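A closer look at the structure
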Amino acid sequence: MSVPFTLGALPTLSRSTVDRQEGLRTNPSRLTSRWADARVVLLDDTGRTPVVEGSSTLAFRKAVDFGTAPPPDAVFLGEWQDVDYWSLPGGPSGEADTVKMAGSWGFVEEVPRADGEVWVELRGYGDLLDDTSAGLFTTAQALRFWRRQSKFCTRCGHPTELTQFGWASKCTNDGREEYPRTDPAVICLVHSLEGTNGSHVLLARQPIWPAGRYSVLAGFVEAGESLEACVVREIREEVGAAVSDVRYLGSQPWPFPRSIMLGFTARADRSAPLVPADGEIEEALWVSRAEVREAFSNSSRRGEGARPTPIADGAAEIILPGNSSIARVMLKAWADAEE
């Protein structure tokens, strides 16, 4: 007898080794005393960071290259193996050329390269990094987006300044403090009613996505709404399907700009008609487990570009979610499950 599927792996942007050391954010003497031996993660204006070319490790900078103490815009990311890690804005020191790399979605793109480093963005290349680098990059990116959107006090509109080494902002008028926000969003793999894990999965595509790209359904949690209620509402609103047996799977930070994706699975009747939401969902369709497995096989050889997989139930061809998304981990776990 089969059992309900669970995530077979940790989502790539959920990986981390660093101790965030919250208590040190209000201990400037401790952090300043270790600045000379600290390491820095750089983020350019587009959110890219340097990676040692051909490796899975961020190209860290020595903190002392930026002064004898943390600059005002330095953000403390945490401690790992007795080394403090920070983030700062910055770009390549020399003239950059470009090199072709295969991103998370399988599409080959050109990225900047300088001094033996390639500058990559988190959404497309976070899955290539080791656990420490992935965690640092994800945290740095989340705090970068938050700071960009929190330069003014939400109560009086006056400018704010960073405190707690990047983990709080303080109004320059009345001293009111604010902290980084995370917006919860649900993402749900809906499978058919037959069998323990169903034989078909519901996939959909948004109009703005590249041709062939499909994923599971997702949406933001509304005020006063439980996570389970959000799953039921979002699936109904987006494709007109009534779901049951809502079950939690796992989560992943998604700092684009400040979300956390809360993964669920649910069941729906495959014989009921699908009604895609106008303007939000271009197409929704049921895909068999065999077809999803074939799609994974077609996307396994990174660097060759994404190869769409034909679907028997219509003229569609699908490209699966990228390696940096929890959606891919959810689909892989479901595809590997047995009835």
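These numbers come from a predicted model, not from an experiment.

We now examine the packing of helix H5 (residues 289–298) against helix H6 (residues 326–336). Between H5 and H6, whose axes approach to 9 Å, the crossing angle comes to 125°. When the axes of H5 and H6 are compared, the pair comes out oblique. Crossing of H5 against H6: the hand is left-handed. Here H5 contributes Arg289, Val292, Arg293 and Phe296 to the contact with H6, which in turn contributes Arg328, Leu331, Lys332, Trp334, Ala335 and Asp336. Its residues assigned to classes, the contact of H5 with H6 comprises five nonpolar, no polar and five charged.

This brings us to the pairing of strand S16 (residues 259–268). With nine of 10 residues buried, S16 is to be regarded as a mostly interior element. Note that strand S12 (residues 183–192) and S16 share 10 bridges and pair parallel. Residue Ile187 lies in a different strand from S16, and its bridge partner there is Gly263. Relative to S16, strand S15 (residues 243–254) runs antiparallel, the two being bridged by nine bridges. Residue Pro253 lies in a different strand from S16, and its bridge partner there is Ile260. Here S15 folds back onto S16 in antiparallel fashion, the turn holding four residues.

Attention now moves to H6. Since there are 3.6 residues in each turn of an α-helix, residues three or four apart along the chain are aligned in direction. Burial within H6 is extensive, with nine of its 11 residues counted as buried. If you check which residues of H6 are buried, you get Ile326, Ala327, Arg328, Val329, Met330, Leu331, Ala333, Trp334 and Ala335.

Grouped together as the largest cluster of nonpolar side chains are 54 residues, with contacts concentrated most on Leu77, Leu189, Val201, Leu203 and Leu331. With eight residues, the top contributor of residues to this core is H6. In terms of nonpolar packing, the next biggest core, distinct from the first, is built from 20 residues, Ala204, Val231, Ile235 and Ile281 among them.

What follows covers the domain arrangement of the protein chain. Each assigned domain of the protein chain is listed here: domain 1 (22–149), domain 2 (151–180) and domain 3 (183–336). Centre-to-centre separation of domain 1 and domain 3, based on C-alpha positions: 31 Å. Domain 1 puts 19 residues into the contact, and the matching count from domain 3 is 17 residues. Taking both partners together, domain 1 and domain 3 bury about 1,600 Å²; carbon and sulfur atoms supply 62% of that area. At the junction of domain 1 and domain 3, the tally comes to zero salt bridges. For the interface between domain 1 and domain 3, the tally reads four residue pairs in polar contact (both at pLDDT 80 or more). Counting only elements with at least two residues in the side of domain 1 that touches domain 3, the list comes to helix H2 (122–125) and helix H3 (131–148). The class makeup of the residues in the side of domain 1 that touches domain 3 is nine nonpolar, eight polar and two charged.

This paragraph deals with the pattern of salt bridges. Inspection of every chain in the model, using the stated rule, returns 21 salt bridges. Put simply, Arg181 and Asp183 hold a salt bridge, and the shortest N to O gap is 2.7 Å. Relative accessible area serves as the criterion here: at 47%, Arg181 is assigned to the partly exposed category. Here Asp183 falls in the buried class, since its relative accessible area comes to 17%. Salt bridges sharing partners connect three or more residues here, namely Arg30, Arg34, Glu79, Asp82 and Asp84.

Moving on to the packing of aromatic side chains. Geometrically, a pair of aromatic rings is defined through the distance of the ring centres and the angle of the planes. Under the definition given, this model contains six aromatic pairs. Look at Trp86 and Phe165: their rings are 5.4 Å apart centre to centre, the planes differ by 85°, and that puts the pair in the edge-to-face class. Of this pair, Trp86 sits in strand S5 (residues 83–89) while Phe165 sits in the loop between strand S9 (160–163) and strand S10 (168–171), placing them 79 residues apart in sequence. For Trp86, a relative accessible area of 0% gives the class buried. Above the ring of Phe256, the side-chain terminus of Arg123 is found at 4.3 Å from the ring centroid. Sitting over the face of the ring of Phe145, Arg144 holds its NZ or CZ atom 5.4 Å from the ring centroid.

Let's shift gears to the side chain of Arg328. One can find Arg328 in helix H6. Despite its burial, Arg328 pairs with no opposite charge, the nearest such side chain being Asp127 at 7.4 Å. Contacts of Arg328, omitting those with residues within four sequence positions, involve Phe296, Ser299, Leu320, Pro321, Gly322 and Asn323.

What the four strands build is an open sheet, ordered S3-S1-S5-S4; its pairing is mixed. Looking at the sheet topology across the chains shown, the edges are occupied by strand S3 (61–62) and strand S4 (75–80). Sheet topology note: the S4/S5 ladder contains five bridges and is antiparallel. Considered in S5, the bridge of Gly78 is made with Tyr85. Strand contacts of H3: strand S1 (39–43), S4 and S5, with the helix running at about 160° to S4, the strand carrying the most contacts.

This paragraph deals with the sheet that holds strand S8 (residues 117–120). Strand order in this open sheet of four strands is S2-S8-S7-S6, and the pairing throughout is antiparallel. In this open sheet, the two edge strands, each paired with only one partner strand, are strand S2 (49–52) and strand S6 (97–102). Taking the axes of each pair of neighbouring strands and ignoring which way they run, one obtains an average angle of 45° across the sheet. Here four bridges tie S2 to S8, and the two strands are oriented antiparallel to one another. Paired with Thr49 across the two strands is Val120, which belongs to S8.

Conventions adopted
- Residues numbered from 1 in each chain as written.
- Predicted model: local features only at pLDDT ≥ 70, side-chain atom pairs only at ≥ 80, totals over all residues.
- Heavy atoms only, no water.
- Axes fitted to C-alpha atoms, helices over the stretch in contact; angles between N-to-C directions.
- Helix = DSSP H or I, 4+ residues; strand = E, 2+ residues; numbered from the N terminus.
- Parallel < 35°, antiparallel > 145°, perpendicular 65-115°, else oblique.
- Left-handed = near helix turned anticlockwise from the far one by under 90°.
- Contact = heavy atoms within 4.5 Å.
- Nonpolar A, V, L, I, M, F, W, Y, C, P; charged D, E, K, R; others polar.
- Buried < 20%, exposed > 50% of the residue type's maximum accessible area, 1.4 Å probe, protein only.
- Pairing = 2+ DSSP bridges.
- Core = buried A, V, L, I, M, F, W, Y, C linked by side-chain atoms within 4.5 Å.
- Domains from an automatic or database assignment.
- Buried area = accessible area lost by both parts, 1.4 Å probe.
- Salt bridge = Lys/Arg side-chain N within 4 Å of Asp/Glu carboxyl O.
- Polar contact = N/O pair within 3.5 Å; in protein donor to acceptor, adjacent residues only side chain to side chain.
- Phe/Tyr/Trp six-rings, centres within 6.5 Å; stacked < 30°, edge-to-face > 60°.
- Lys NZ or Arg CZ within 6 Å of the ring centre and 35° of its normal.
- Lys, Arg positive; Asp, Glu negative; His and termini not counted.

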